[in-house]
Amino acid sequence: MTEKLMSSGIWQRGEEDEGVYGFLITDIRKEVNRAAKLKCNICKKKGASIGCVAPKCKRSYHFPCGVQKECIFQFMEDFRSYCWEHKPVQKFSVKESRESSQCTICLDLVEQLPLYSVLKSPCCKNAWFHRECLQYQALSAGVFFFRCTVCNNKNKFQKEMLRMGIHIPEKDASWELEENAYQDLLQCYQHCDVRRCLCKKGRDYNEPDSKWEIKRCQCCGSRGTHLACSSMKSWEQNWECVECRSIFAKSGNYSKQQKRSLAASEKTDGTTCLLEEPSPKCPRQSSGSPHSFLLQSPKIMCQSNLTPCSRLELPSSNRMTMSLSPLMSNRNWSLRKKHLRQQRREVSNILKELKLQINTKTTRLNINTENIWNSALKGFRQRNFSPTNAIEIKFTSCKNRLKTDTSDGSKHRFFQLLMLHLQNSSLFEGSSVKNLSLDSQALKENLYFEAGKMIAVSLIHGGPSLGFFSKTLFNCLVYGPENVKPALEDVADVGVAQTIKMIKYSNSLSSLQSTVHDCYEFLAAAECLRPVTALCDKNMLVNDILIHHVIKRIILPLESFSQGLKTLGVLEKMQMHPDAFSSIFCHKPERLSAETLCDLFTIHCSSDVNKAEGADFWMHYLQDVEITAKFEQGGESVVTLEDILLFGTGSFSIPPIGFDPEPTVKFLHISSNLVNCRISA
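Here the structure is a predicted model, which is why all the values come from computation and not from measurement.

**A closer look at the overall build of the chain**
Secondary structure assignment for the chain yields 26 helices and 17 strands. Going through the 681 residues of the chain one by one, you find that 42% of them count as buried. Entry remark: accessible area of the chain is about 38700 Å², with carbon and sulfur atoms responsible for 52%.

Structure follows, in structure tokens:
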């Protein structure tokens, strides 16, 4: 058929249903007779029906021979054909001809040279393609969906590609022709998402016209509940999921029906705010204590106006205030510490679940202690490295290459050094708490991805808590940057922070306009210029600057970093359990105490020692060490709790995942003046 279209002596003189697609049988026979007399200029055989349309060119050839010889066949209008000498070419500048680029379809390198196999986009300056890649895409996409892969231009792009011999069939895209390709989109969401599902047959059970019929959220349709589980008497009642309610709450549009459904749920179950399971995008209130609202700082309470997920309307007498009595402050601190311990225990269980992915195959990393980052990066990028392999660390030193360390404690030490380096690297900015910075070179070298991957691997393989993430950075990772509102404290650049303060604390319209005029170039570069006609406009202006500087400016590093954190499923678990993971990402680990260390070690006793006696001695010993260390802060203590932990586990701190195996202390003999015991991990 292609040979017919390109033949020089035949025309489509009939209708589509006549002859062969409009080519009459008599015309086809005449063309066959004509071509039988013509010899192909390429293979030298007869039957060459295609001729070059260039004036005075007498070359004829078969279609396959022409393709092999890089002739151009235009599948449009008169179906012209051009030989290898007269074919149309694209114009390249001298500068472009010296460079190389990526094919935007297969992502392999493509030489920017005037070759038959290379094509340039007419609408995008830096878009280059392999001819073969473009032809495959055109055959798959068809005339309706074939367009520039960079800018999505259709008309200009198709016109140029047709001129250069790309065949674009008049058909629908291949993915549109696949039978039942979009069948999944027709399925309705059928799952009960409330925290306490009352249906004995499970959350996926759905019985129409009964109390076990599943009602979907009237706003998003992607969450559901059994009618009975949300105390709804009929299908006609409206129901919104927690995430949609949070959006309504932020806009100040609480519906009366929402309040009625809340009151009904309180009557049905005394758990009030714990009835529904919040979505991963929505911050969740802890279920551990009825006083969990006390765990928030006054600053958070004042700024957040109690997120709708809590669904608690506190009376004024119970709300936190900025001035608290010392007794109340101590109580709050005690509650907060207890809450953090609960969250860290939850994280430990989650990380242990993820650790089940680790197999018995071992990967050894050779780490230079004097260049921890480069050697770690080299190890993580080596071909045989897999996050699911067990990791063994071999320390080397440039000064003494023979000195190596492959003990169990070396892995803990490696991850501690690596996390410390990351905290102080150019990938992050800030003093005590960190946000991602914008380092173009690091972005080009994909270091943000590697950093996220290292953190994920560290957590699963027994690395330390991080404790240096800002709440803004953590929330961007967990809830998405579009749902996060940054604060002035997140701005590490002194100049930018000073500019924001000048705008924020302007006390008159004239001073605000003057400040905006002085900062014109900065605001224009940040795309934050807006007309200032009233003093209240400063609030929106400050918000625009914060969002640009803290979030939009680092959106590419954030996306790359997030991809790295997805290693071994860590980011997914963070999004499912944000409160728990914030305890290790945003809070420094608490100082070791005798109580913590006592709970960490499992006590064993020989037949000569009573277990209660051994446990009592161990606790008193740790308390003595703790008290001695406090009194001798100015001097040198003989032994500290950290020394005991290091001796028993090889680590200075307790990793979020805990120790495997758990450390033990075995008492062999206890007398009035001698204690014989063995500590091991």
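So, next bit.
**Focus on the nonpolar core**
Core analysis: the largest hydrophobic core is formed by 77 residues, its most contacted members being F414, I455, F469, F561, M574 and F585. The element best represented in this core is helix 15 (residues 447-460), accounting for 9 residues. Sequence-distant contacts of F561, that is, excluding residues within four places in its chain, are made with F428, L436, Y448, F449, A451, G452, I455, F469 and L477.

**Focus on the pattern of salt bridges**
Tallied over the entire structure, the rule returns 10 salt bridges. Across the salt bridge formed by R59 and E85, the nearest N and O atoms sit 3.2 Å from each other. One end of the pair, R59, is in the loop between strand 1 (50-51) and strand 2 (60-61); the other, E85, is in the loop between strand 4 (81-82) and helix 4 (94-97), and 26 residues separate them in sequence. A salt bridge links E70 to K87, with the nearest nitrogen and oxygen atoms 3.7 Å apart. Here K87 lies in the loop between strand 4 and helix 4 and E70 lies in the loop between helix 3 (63-68) and strand 3 (72-73), a separation of 17 residues in the sequence. A relative accessible area of 36% places E70 in the partly exposed class. Connected through salt bridges with shared partners, the residues E77, D78 and R80 form a single ionic network.

**Re the confidence of the model for the chain**
With 80% of its residues at a pLDDT of 70 or more, the chain has an overall mean of 78. This model gives residues 253-328 a pLDDT under 50, and the stretch forms 107 contacts once residues within four places in sequence are excluded.

**Overview of a nonpolar patch on the surface**
A contiguous nonpolar patch, built from F144, F145 and W175 and spanning about 300 Å² of accessible area, is present on the exposed surface. Along the chain, F144 falls in helix 5 (residues 131-145).

**With respect to the side chain of E429**
In this structure, E429 sits in strand 13 (residues 428-429). A polar contact of 3.0 Å, which involves the side chain of E429, links it to the side chain of R553. When neighbours within four sequence positions are excluded, E429 is seen to be in contact with K434, N435, L436, S437, A492, H549 and R553.

**Observations concerning helix 12 (residues 372-381)**
With 7 of 10 residues buried, helix 12 is to be regarded as a mostly interior element. All of the buried residues in helix 12 are I372, W373, S375, A376, L377, G379 and F380.

**A word on the packing of aromatic side chains**
Counting across every chain of the model gives 19 aromatic pairs. A connected cluster of aromatic rings, assembled from ring pairs, spans F428, F468, F469, F474, F561, F581 and F585. In this arrangement the basic side chain of R131 is found over the ring face of Y116, its NZ or CZ atom lying 4.0 Å from the centre. We note R413 situated over the ring of F395; from NZ or CZ to the ring centre the distance is 4.7 Å.

**Points about unusual backbone geometry**
One non-glycine residue with positive phi stands out, namely L107, at about 65 degrees. With respect to the helices and strands, L107 occurs in the loop between strand 5 (100-102) and strand 6 (109-111). On the basis of relative accessibility, which here comes to 52%, the residue L107 falls in the exposed class. Phi angles above zero are rare outside glycine, and E527 is one such case at about 55 degrees. With respect to the element layout, E527 can be found in the loop between helix 19 (520-525) and helix 20 (537-551).

**Remarks on helix 5**
End to end, helix 5 covers just 18 Å across 15 residues, shorter than the expected 21 Å (1.5 Å per residue, more than 12% under). At L139, helix 5 is bent by approximately 65 degrees, the largest bend along its length. Burial in helix 5 covers these residues: R131, C133, L134, Q135, A138, A141 and G142. Buried residues along helix 5 sit against strand 3, strand 7 (118-120), strand 8 (128-130), helix 6 (155-163) and helix 7 (174-177).

**Notes on the packing of helix 15 against helix 21 (residues 555-565)**
As a packed pair, helix 15 and helix 21 sit with axes 6 Å apart at the nearest point and diverge in direction by 35 degrees. In the crossing of helix 15 with helix 21, the sense of the turn from one axis to the other is right-handed. In this structure, helix 15 contributes Y448, F449, A451, G452, K453, I455 and A456 to the contact, and helix 21 contributes P557, S560, F561, Q563, G564 and L565. Here the residues of the contact of helix 15 with helix 21 are counted per class, giving 8 nonpolar, 4 polar and 1 charged.

**Considerations on the side chain of Q74**
By the secondary structure assignment, Q74 is in the loop between strand 3 and strand 4. The residues contacting Q74, other than those within four sequence positions of it, are M6, F79, R80, Y82, P88, L162 and R163.

**Quick look at the packing of helix 12 against helix 15**
Relative to each other, helix 12 and helix 15 sit at 85 degrees, their axes nearing to 11 Å. By the angle class used here, helix 12 and helix 15 are roughly perpendicular. Mapping the contact onto sequence places W373, A376, L377, F380 and R381 in helix 12 and L447, E450, K453, M454 and V457 in helix 15. Looking at the contact of helix 12 with helix 15, its residues break down into 7 nonpolar, no polar and 3 charged.

**Digging into the pairing of strand 12 (residues 390-396)**
Consecutive side chains along a regular strand alternate between the two faces of the sheet. Bridge count for strand 11 (residues 362-368) against strand 12 is 7 bridges, and the pairing is parallel. The residue of strand 12 that forms the bridge with T362 is A390. Between strand 11 and its parallel partner strand 12, the chain crosses via helix 12, and the hand of that crossover is right-handed.

**Points about a negative patch on the surface**
Where like charges cluster on the molecular surface, the negative patch consists of E15, E16, D17 and E18. By secondary structure assignment, the location of E15 is in the loop between helix 1 (2-6) and helix 2 (25-35). Residue E15 is classed as exposed on the basis of its relative accessible area, which comes to 53%.

Each value, and the rule that gives it
- Numbers given for residues are sequential positions, taken from 1 along each chain in its written order.
- Restriction of local features to residues with pLDDT of at least 70 applies here, the model being predicted, together with a cutoff of 80 or more for giving and counting side-chain atom pairs; totals for whole chains, interfaces and linings are based on all residues.
- Side-chain figures throughout are based on the complete set of non-hydrogen atoms in the structure, without hydrogens or water.
- Under the DSSP-based scheme used, a helix requires at least four consecutive residues in state H or I and a strand at least two consecutive residues in state E, with every element numbered from the N terminus.
- Residue burial is assigned from relative accessible area. The probe radius is 1.4 Å, only protein chains are included, and a residue is buried under 20% of its type maximum, exposed over 50%, and partly exposed in between.
- Accessible surface area values rest on a Shrake-Rupley calculation with a 1.4 Å probe, where residue burial reflects the displayed protein chains alone.
- We call a set of buried residues a nonpolar core when its members are Ala, Val, Leu, Ile, Met, Phe, Trp, Tyr or Cys and they connect through side-chain atoms within 4.5 Å of each other.
- It only takes one pair of heavy atoms within 4.5 Å for two residues to be counted as in contact.
- Basic side-chain nitrogens of Lys or Arg form a salt bridge, by our definition, when they fall within 4 Å of a carboxyl oxygen of Asp or Glu.
- pLDDT measures how confident the predictor is about each residue, on a scale from 0 to 100.
- Residues enter patches when they are more than 30% accessible in relative terms and free of salt bridges; like-charged ones are connected within 9 Å and nonpolar ones (Val, Leu, Ile, Met, Phe, Trp, Tyr) within 5 Å.
- Each polar contact in these results corresponds to two N or O atoms within 3.5 Å; when the atoms are within protein, one needs to be able to donate a hydrogen and the other to accept it, and residues that are neighboring in sequence are counted only if both atoms are side-chain atoms.
- A pair of Phe, Tyr and Trp rings is counted when the ring centres sit within 6.5 Å of each other, with Trp represented by its six-membered ring. The angle between the planes then sorts it: under 30 degrees is stacked, over 60 is edge-to-face, the rest tilted.
- Charges are assigned to positions over rings by a cutoff of 6 Å between ring centre and Lys NZ or Arg CZ, combined with an angular limit of 35 degrees from the ring normal.
- By this rule, a helix spans an expected 1.5 Å times one less than how many residues it contains.
- Bend at a given residue is defined as the angle between two axes, one fitted to the seven residues that end at that position and one fitted to the seven that begin there.
- Throughout, an axis means a line fitted to C-alpha atoms (over the contacting stretch in the case of helices), and angles, computed between N-to-C directions, take values from 0 to 180 degrees.
- Crossing handedness is read from the near helix: turned anticlockwise from the far helix by less than a right angle, it gives a left-handed crossing, and turned clockwise, a right-handed one.
- Ten residue types, Ala, Val, Leu, Ile, Met, Phe, Trp, Tyr, Cys and Pro, are classed as nonpolar, four, Asp, Glu, Lys and Arg, as charged, and the remainder, Gly among them, as polar.
- Here is the rule for angles: anything less than 35 degrees is roughly parallel, anything more than 145 is roughly antiparallel, 65 through 115 is roughly perpendicular, and the remaining ranges are oblique.
- Two strands qualify as a pair provided that DSSP identifies no fewer than 2 bridges between them.
- Note on handedness: a crossover is taken as right-handed if, strands pointing away from the viewer, the path from the first strand over the helix to the second is clockwise.
- In this count, Lys and Arg are taken as positive residues and Asp and Glu as negative ones, while His and the chain termini are left out.
- Each charge is placed at NZ for Lys, CZ for Arg, CG for Asp and CD for Glu.

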